[in-house]
Amino acid sequence: MARIPQHIIDEIMETSRIEEVIGEFVNLKRAGSSLKGLSPFTDEKTPSFIVSPAKQIFKCFSTGKGGTVVTFLMEKEHFSYPEALRWLADKYHIELPEEKPLTPEEQEQLTERESLHIVNDFAKDFFVEHMHESDEGKAIALSYFRERGLRDDIIKKFQLGFCPQNSKSLTDVALEKGYQLKYLKQVGLTKEKDGRTFDFFRGRVMFPIHSVSGKTLGFGGRTLKSDKKIAKYFNSPESIIYNKSEVLYGLYFAKGDMIKYDNCYLVEGYTDVISLHQSGIENVVASSGTSLTTGQIRLIKRYTNNITILYDGDAAGIKASFRGIDLILEEGLNVKVVLFPDGDDPDSYSKKVSSTELQEYIDQHKQDFVSFKTDLLLGEGGDDPLKRATLIKDIVASIALIPDSITRQVYLQNTATRFEMPEQTLLIELNKLRGKHQQQAAKAAQRAQQRPPQTQQKATPTQQPTPQKAQMPEDMPPDDFFDAPFPDMPDEAMMSQGGGTSVRTPQPLKEEKYYANELDLIRILLKYGTRAIESEHKDELGQTETVESSVIELIVYEVERDELNFTSPILSKIYNVFKEGVNENILYGVKHFLRSDDQDIVRVVSEIESSPFELSRHWMEKHNIDINQEIHRLNQAVLGALYSFKICKINERIDEIRDIFKNDSNLGDENMMDLLAEQMALEKVKGKFATKLGRIIL
């Protein structure tokens, strides 16, 4: 696979709009200068997922994930770094270097997931081409779709196709082109029996099933034969890229209108979705012939809290779907129901009426679930008091599943009015049911705690850099590092400015002790690194001179002169990029790091960019300084970060010396005296730095 040149990566990152891309996966709403939505990485009730269009980064506070648009695609769609870039290039019509056909060796090196996607994409194109280009495809499949009333643009939009009736046409062509049989079998395109292979979908019209981002996950294949012994539909088996319970047919095409109209129409089959699209209703998805699952409901919830279920007139099928309604209610979504005339489904009815008439019918016939259940079951039960009592209990049981107390109360009032019963009677029944639910949940949680833990592979500890002694030059006491004035800043302020950051990156125990100070220095480098700053140094003759340099150059000079190191591996990696840039006369800014293919770097830099760093409001008010004006005290900010970092390194070495005293029983007198002298010198240096910072060292 051809490597993407850096200038094209830069173009992709400049052109891509993170709010547009993430908006295809998450229902984002304006929250000040940012956008907010429910996390796509976990199930949550309160939105904690933030997108910053200005900074072109995202932050998920429920999982800790964060980064750029590339990071998001890698996390959400499990793309590799190059895959994410190519996806963006395709979306924004950016031309990439021409790729050469994959050799068998190169294809073998692709990950299993990538290989399965590639095989499915090949099959999709094969089915489409065969339907449109071969005589067999045109005569059998294309004519079938057209007879069903589908327009060519709709056929093309949904990438409908045809698998040849020859038992192994697809398999033979795929193997000839170098695709591996094991992947063809894994996604269910090829079957093997008694040593022979054959196409699983042979002779069927094909419906590709897409991911939210448009990747081909699997297929539905419909037979055109009338033999009742032959299954009407075959579906791809589950694989590492296709989990039926977490996929909705048509979501890739529907998500935009689901957000736009704040509603999702839920139907049963592929043709229902396609026919409604042709009628101008595009916010529609199907459960792909399976019972509705919690995973599918949560997928809808990313885009809207409102579901309208479109049923055909089959009473038995409607009753079977009551469980689906309860699942929707349990997830806190609002559900409406539309029942089509007996004998019609969304597909057939949409072909009988105009687009306007279809939309009017849906709007006029949608009911809330209580009215729907009541009308349906009362019609069957008549005046039978026992059936009526059962129906009321059934409806109250559904209401009991609703998590929001106000919504429960409204539905309970409506039910009491409808059945002319005291609301208190229904409330007693509802509370009894909710009590049972809570007991069951508690027992389930208790059972889960009592289960023996699963065997897990022991994590390999992160290898830490070897601690280095903090060297302070004998001919230059700390007082001479900088002569710029520094205010009397108490610990309260320094907890915010000089290391009290809110980046939540898990670190090993030793690392945690020094992480905040190291992080604050990296923050200063990222936020102000390219800005100019003046500092005063003594030259070789002892004369004080004012030197102007960038913040990056100044900090790198100080850190390297004193031979200091970062305890955190990821912060050390970021610092080294700055240092290498200085060596090459390049001052790197935030954008350079956000475009890195190292997603650990992207994550930490995004954390820093998305976290609120500011001085303590109490301290600012006490000293009559405007808050959030760190840029106007740049010398102070840089000094604070540097001095705090150096104190941190001194403390690190002092801790090491104390550990030696504590644990080394064979320490000789001479070594002990040397270590004591070093500790005293370090304590003295630390005191001078603390004076600069206005701290009291205990």
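Residues numbered from 1 in each chain as written. Predicted model: local features only at pLDDT ≥ 70, side-chain atom pairs only at ≥ 80, totals over all residues. Heavy atoms only, no water.

*Asks:* What should I look at first to understand the overall build of the protein chain in this one?
*Replies:* The helix and strand tally for the protein chain stands at 30 helices and 18 strands. Within the span of the protein chain, comprising 698 residues, buried residues form 49% of the whole. Summarising the internal contacts of the protein chain: among those between residues at least 6 apart in sequence, 67% fall at separations of at least 24. Accessible surface for the protein chain amounts to roughly 35300 Å². Of this, 48% is attributable to carbon and sulfur atoms. (Helix = DSSP H or I, 4+ residues; strand = E, 2+ residues; numbered from the N terminus. Buried < 20%, exposed > 50% of the residue type's maximum accessible area, 1.4 Å probe, protein only. Contact = heavy atoms within 4.5 Å. Areas by Shrake-Rupley, 256 points an atom, 1.4 Å probe, with all protein chains shown as cover.)

*Asks:* So what exactly am I meant to see when it comes to the packing of aromatic side chains here?
*Replies:* For any pair of aromatic rings, the description rests on two quantities: the centre-to-centre distance and the angle between the ring planes. Applying the stated criterion across every chain yields a total of 31 aromatic pairs. The interplanar angle of 85 degrees and the centroid separation of 5.3 Å between the aromatic rings of phenylalanine 127 and phenylalanine 219 together place this pair among those described as edge-to-face. With phenylalanine 127 in helix H6 (residues 112–133) and phenylalanine 219 in strand E10 (residues 216–223), this residue pair connects regions lying 92 residues apart in the sequence. Residue classification places phenylalanine 127 among the buried residues on the basis of a relative accessible area of 1%. A relative accessible area of 0% places phenylalanine 219 in the buried class. Members of the aromatic cluster, connected to one another through ring pairs, are Tyr144, Phe145, Phe158, Phe207, Tyr233, Tyr249, Tyr252, Phe253 and Tyr270. (Phe/Tyr/Trp six-rings, centres within 6.5 Å; stacked < 30°, edge-to-face > 60°.)

*Asks:* Sorry if this is basic, but what is going on with the nonpolar core here?
*Replies:* Taken as a class, soluble globular proteins show a tendency for nonpolar side chains to be buried jointly. If you look at the biggest cluster of nonpolar residues, it comprises 73 residues, and the most contacted ones within it are Phe49 and Ile325. Within the second largest apolar cluster, 55 residues are counted, among which are Val119, Tyr242, Val247 and Val273. (Core = buried A, V, L, I, M, F, W, Y, C linked by side-chain atoms within 4.5 Å.)

*Asks:* What am I meant to see in the sheet that holds strand E13 (residues 284–286) here?
*Replies:* Sheet strands associate in pairs through backbone hydrogen bonding, adopting either a parallel or an antiparallel arrangement. Spatial ordering of the open sheet is given by E13-E12-E14-E15-E16, a layout of five strands whose pairing is mixed. Looking at the sheet topology across the chains shown, the edges are occupied by E13 and strand E16 (367–368). One ladder, built from three bridges, connects strand E12 (residues 264–267) with strand E14 (residues 306–311); its direction is parallel. Note that in E14 the partner of tyrosine 265 across the bridge is threonine 308. In the packing of helix H12 (residues 270–278) onto the sheet, contacts are made with E12, E13 and E14, and the angle to E13 comes to roughly 165 degrees. (Pairing = 2+ DSSP bridges. Axes fitted to C-alpha atoms, helices over the stretch in contact; angles between N-to-C directions.)

*Asks:* Quick question: what am I supposed to make of the sheet that holds strand E4 (residues 57–60) here?
*Replies:* One open sheet holds the five strands; their spatial order is E1-E2-E3-E4-E5, and the pairing between them is antiparallel. A single partner strand is all that each edge strand has here, and the edge strands are strand E1 (29–31) and strand E5 (66–67). Bridge count for strand E2 (residues 34–37) against strand E3 (residues 49–52) is three bridges, and the pairing is antiparallel. For leucine 35, the partnering residue across the bridge sits in E3 and is valine 51. Against the sheet, helix H27 (residues 599–610) contacts E4 and E5, and its axis sits at roughly 90 degrees relative to E4.

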